[in-house]
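# Per-entry structural report
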Amino acid sequence: MTLDAEGMSGIARAGLNGQAPRCDHLDLLPAVERGRPECKECLALGWAWKRLLVCLTCGWVACSDGSPGGHAQAHYQETDHPVVAALEPGSTWRWCYIHGRTV
């Protein structure tokens, strides 16, 4: 087995069957109550959002980067809460801001 510069095997780094490595930030998430399905900042500014995201650390709901305000990312920059999820019913999409990828 070959090891990379960090001492990890290529298989461990890449994940099983070529999948992306697991995001450790998911293991640190508490159970949270989600906020109302609205972006408070957009409402205050009279803006419409395209998609809502929920912070999986504190439950804060805000608009996505594709919306005029990008308030979910602003929340991450203010709080360092790493993972958000799509608020759409049945969606399993989650994003880790630290890793810059879906998890």
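Attention here is on the structure that accompanies the text. Going along each chain's sequence as written, the residues are numbered from 1 onward. Local features in this predicted model are restricted to residues whose pLDDT is 70 or higher, and side-chain atom pairs enter the listing and the counts only when it is 80 or higher, whereas totals over whole chains, interfaces and linings include all residues. Hydrogens and waters are ignored; side-chain quantities use all the structure's heavy atoms.

### Digging into the packing of aromatic side chains
Between rings of Phe, Tyr and Trp, where Trp is taken as its six-membered ring, a pair exists when centres lie within 6.5 Å; planes separated by under 30 degrees are stacked, by over 60 edge-to-face, and by other angles tilted. Inspection of the entire model under this criterion finds two aromatic pairs. On the basis of an interplanar angle of 10 degrees and a centroid distance of 4.8 Å, the ring pair of Y76 and Y97 is categorised as stacked. Within this pair, whereas Y76 is found in helix α3 (residues 71-79), its partner Y97 is found in the loop between β4 (94-96) and β5 (101-102), the two being separated by 21 residues in sequence. Across the pair, Y97 and Y76 agree in class, each one buried. Every helix listed is a DSSP run of H or I at least four residues long, and every strand listed is a run of E at least two residues long, numbered separately from the N terminus. Burial classes follow relative accessibility: with a 1.4 Å probe on protein chains only, a residue under 20% of its type's maximum area counts as buried, one over 50% as exposed, and anything between as partly exposed.

### Things to note about the nonpolar core
Buried Ala, Val, Leu, Ile, Met, Phe, Trp, Tyr and Cys residues that are joined via side-chain atoms within 4.5 Å together make up what is termed a nonpolar core. In terms of nonpolar packing, the biggest core is built from 19 residues, with C39, V54 and Y97 touching the most fellow members. Where this core is concerned, the elements lending two or more residues are β1 (52-55), β2 (61-63), α3 and β3 (83-86). The contact partners of Y97, leaving out residues within four places of it in the chain, are L53, A72, Q73, Y76, H81, P82 and V84. Throughout, a residue-residue contact means that at least one pair of heavy atoms, one from each residue, lies within 4.5 Å.

### Observations concerning the pairing of β3
Along β3, one buried face is formed by V83 and A85 and the opposite face, lined by V84 and A86, is buried too. In this description, strands pair whenever DSSP reports at least two bridges between them. With three bridges connecting them, β1 and β3 associate as antiparallel partners. Looking at the pairing, C55 lines up with V84 of β3. Here β3 runs beside β4; their pairing, made up of three bridges, is antiparallel. The partner of V83 across the bridge, within β4, is C96.

### Comments concerning the sheet that holds β1
Taking strand neighbours across the sheet as the criterion, the five strands line up as β2-β1-β3-β4-β5 in an open arrangement whose pairing is antiparallel. The open sheet terminates on both sides in strands that have one partner only, identified here as β2 and β5. Note: β4 against β5, two bridges, orientation antiparallel. Bridge assignment links C96 to a residue of β5, and that residue is R101.

The analysis is restricted to geometry; functional conclusions fall outside its scope.
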